[in-house]
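Structural characterization, general
The chain contents come next:
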Amino acid sequence: MRRIRPLRAALTLLAAAAMTAAATTPVGATEPRDYAATTSVGVHNAYDRAKYPYFADALDSGASLLELDVWTNGFGGRSFRVSHGNPLRNDNNCEGAGSPSQLRTHPTRNQPLDGCLADIRAWHDAHPGHRPVLLKVEMKDGFNANSGRGPAEFDALLTSKLGDALYRPGDLTGRHATLDAAVRAGSWPSRSALAGKFVVELIPGTLEERNPADHLWTDREYATHLRDLAAAGHLDRATAFPAVHGAAAGDPRTRYADASIRPWFVVFDGDAATYLGGGANGIDTSWYDDRHYLVVMTDAHNVPPAIDGTRPTEAQARDRVALLARGHASFATADWYPLPQVLSTVLPRGQAS
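A brief look at the structure comes next. (Residues numbered from 1 in each chain as written. Predicted model: local features only at pLDDT ≥ 70, side-chain atom pairs only at ≥ 80, totals over all residues. Heavy atoms only, no water.)

As for the overall build of the chain
For clarity, the cut-off: Numbering goes from the N terminus for both helices and strands, where a helix is a DSSP run of H or I of at least four residues and a strand is a run of E of at least two. Residue burial is assigned from relative accessible area. The probe radius is 1.4 Å, only protein chains are included, and a residue is buried under 20% of its type maximum, exposed over 50%, and partly exposed in between. In what follows, a contact means two residues having at least one pair of non-hydrogen atoms within 4.5 Å.
Regarding its fold elements, the chain presents twelve helices and ten strands. With 353 residues in all, the chain has 54% of them scored as buried. Considering only intrachain contacts with a sequence separation of at least 6, the fraction spanning at least 24 residues in the chain is 70%.

Observations concerning the environment of Leu347
Note on placement: Leu347 falls in strand 10 (residues 346-348). Residues Leu347 and Ser330, 17 residues apart in the sequence, show an inter-C-alpha distance of 9.4 Å.

Details of the pairing of strand 2 (residues 65-71)
Put simply, the rule is: Being paired, for any two strands, means DSSP has found at least two bridges between them.
With seven of seven residues buried, strand 2 lies mostly within the body of the structure. Neither face of strand 2 is exposed, since Leu65, Glu67, Asp69 and Trp71 on one face and Leu66, Leu68 and Val70 on the opposite face are all buried. Looking at chain direction, strand 1 (residues 38-43) and strand 2 are connected through two bridges and run parallel. Opposite Gly42, over in strand 2, you have Leu65 as the bridge partner. Where strand 2 and strand 3 (residues 81-82) come together, two bridges link them in antiparallel fashion. Across the sheet, residue Trp71 finds its bridge partner in strand 3, namely Arg81.

Focus on the environment of Val183
Inspection of the secondary structure assignment puts Val183 in helix 6 (residues 179-184). On the basis of relative accessibility, which here comes to 0%, the residue Val183 falls in the buried class. Distance in space between the C-alpha atoms of Val183 and Thr173 is 7.9 Å, their sequence separation being ten residues.

Examining the state of the cysteines
Here is the rule: Cysteine sulfurs are considered disulfide-paired once they come within 2.5 Å of each other.
According to the stated counting rule, one finds one disulfide in the structure shown. Residue pairing for Cys94: its cysteine sulfur links by disulfide to Cys116, the two sulfurs lying 2.0 Å apart. Judged by the sign of its S-S torsion, about 100 degrees, the bond between Cys94 and Cys116 is right-handed. Of this pair, Cys94 sits in the loop between strand 3 and helix 3 (113-126) while Cys116 is found in helix 3, placing the two residues 22 residues apart along the sequence. Here the two residues Cys94 and Cys116 agree in accessibility, since each one is buried.

Focus on the pattern of salt bridges
Under the convention used in this document: Here a salt bridge means any side-chain nitrogen of Lys or Arg lying within 4 Å of a carboxyl oxygen belonging to Asp or Glu.
In this structure the tally under the stated criterion is 16 salt bridges. Note that Arg49 is salt-bridged to Asp91, the shortest N-O span being 3.1 Å. With Arg49 in the loop between strand 1 and helix 2 (55-60) and Asp91 in the loop between strand 3 and helix 3, the pair connects residues that are 42 residues apart, well separated along the chain. Ionic pairing is found between Lys140 and Glu138, a salt bridge with its closest N-O pair at 3.5 Å. Exposure class is identical for Lys140 and Glu138. Each is buried. The network of salt bridges with shared partners includes Asp180, Arg184, Asp251 and Arg253.

Focus: helix 3
We apply this condition: Any helix carries an expected span of 1.5 Å times its number of residues minus one.
Over its 14 residues, helix 3 runs 20 Å from end to end, which matches the ideal 20 Å to within 8%, given 1.5 Å per residue. Of all 14 residues in helix 3, ten are buried, a share of seventy percent or more. Listed as buried for helix 3 are Leu113, Gly115, Cys116, Leu117, Ala118, Asp119, Ile120, Ala122, Trp123 and His124. On its buried side, helix 3 packs onto helix 2, strand 2, strand 3, strand 4 (133-139), helix 4 (151-162) and strand 5 (198-204).

Here's the deal with the side chain of Arg149
Heads up, the rule is: We treat Lys and Arg as the positive residues and Asp and Glu as the negative residues; His and chain ends play no part in the count. Each polar contact in these results corresponds to two N or O atoms within 3.5 Å; when the atoms are within protein, one needs to be able to donate a hydrogen and the other to accept it, and residues that are neighboring in sequence are counted only if both atoms are side-chain atoms.
Looking at where Arg149 falls in the secondary structure, it is placed in the loop between strand 4 and helix 4. Buried and unpaired, Arg149 has no salt bridge, with Asp141 as the nearest side chain of opposite charge at 7.4 Å. A distance of 2.5 Å separates a polar side-chain atom of Arg149 from the backbone oxygen of Thr72. At a separation of 3.3 Å, a polar atom in the side chain of Arg149 contacts the main-chain carbonyl oxygen of Ser147. Beyond its immediate sequence surroundings of up to four residues, Arg149 is in contact with Thr72, Asn73, Gly74, Gly77, Arg78, Ser79, Phe80, Phe143 and Asn144.

Section: the side chain of Glu208
Inspection of the secondary structure puts Glu208 in helix 7 (residues 206-210). Buried charge without a salt bridge: Glu208, with Arg220 as the nearest opposite-charge side chain at an N-O distance of 8.7 Å. Side-chain polar atoms of Glu208 contact the backbone nitrogen of Gly205, separated by 3.1 Å. Look past the residues within four positions of Glu208 in its chain and what remains in contact with it is Met139, Lys140, Asp141, Gly142, Asp214, Leu216, Trp217 and Thr218.

What to know about the packing of aromatic side chains
Any aromatic ring pair is given by two values, namely how distant the centres are and how the planes are angled relative to each other. We count it as follows: Each pair of aromatic rings taken from Phe, Tyr and Trp, with Trp reduced to its six-membered ring, is defined by centres within 6.5 Å and is described as stacked if the planes are under 30 degrees apart, edge-to-face if over 60, and tilted in the remaining cases. Counted as over-ring charges are cases with an Arg CZ or a Lys NZ within 6 Å of the ring centre that also lie within 35 degrees of the ring normal.
One pass over the structure, following the stated rule, counts 15 aromatic pairs. Seen in terms of ring centroids, Tyr256 and Phe265 are 4.6 Å apart; in terms of plane orientation they differ by 0 degrees. Their pairing is stacked. Exposure class is identical for Tyr256 and Phe265. Each is buried. Ring centres of Trp287 and Tyr288 lie 5.0 Å apart, and the angle between their planes is 90 degrees; on these two criteria the pair is classed as edge-to-face. The same class applies to Trp287 and to Tyr288, which are both buried. Following the ring pairs from residue to residue traces out a cluster consisting of Tyr35, Tyr167, Trp188, Phe241 and Phe331. The ring of Tyr54 is capped by Arg109, whose NZ or CZ atom sits 4.6 Å from the centre of that ring.

Here is the structure:
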């Protein structure tokens, strides 16, 4: 096993602490009232080794959102697998660290989801009080409850690996009946109160959405799971927030025929250029901000005028984040992993900068 030299380890910890401090301080403003009142930056497919050799590097980047792609089909074994295009095998930068001292020590990576979560926990233990991080999980082919990879098993896995590092739907709901009632009452904590926490977002996967035989997508399945857990008095078991996927005008939750699950969506996720199309698309993004809903705006680089999706100039990327902040985004995501100074940006949401 390769060992990290003491000086290198110390320098790594100091650099990570500096990034953490920068990421939890909004630029040019005092700390906003709550988590939903900020705009920060995320990295698409942060498990990709071409971006970060280890997932710990992604966590060190300062980004406030990191994305994982998960597969559940039974052809690749009984685990939740993490990869982009291979539904049968793990292909990622997770190493399954058992402790902080093991981060970046395993040359063999390609771990299932539990290995990625082990890295996240080890990094969390080494960085108490770190910035709040949204873990965006795309369920590429959806849940597979019949084969032991459904919402309940997902919750059990996240609970076993991350435990008290999670900020859960039950934490947000509190005395309110639903997530919607809680956030509209202003129940999101401040960023400082969320220090040291991970928030998990779930979206339907690309294969799931293109599969004509799949009639129960991740968003509806997990929202139903939340509703039923709440009715049974077990909402504390839930670990994730389902997102309405795809930018659309009006209240996008009306797409769900079962009105009882609509109040369990307070996170929305879609294309930034579509959200910011303004009157052309009929989308009023202030509607989300006014109600304290979180909005993840993807492919931030494609908002006209388009800029490079990976290596824009720092000024271009900062201007783009500021544009999305004025457009009421909670998170602006792209593949800007070479720009850690931009990834740690936090701005007041909905305000001119």
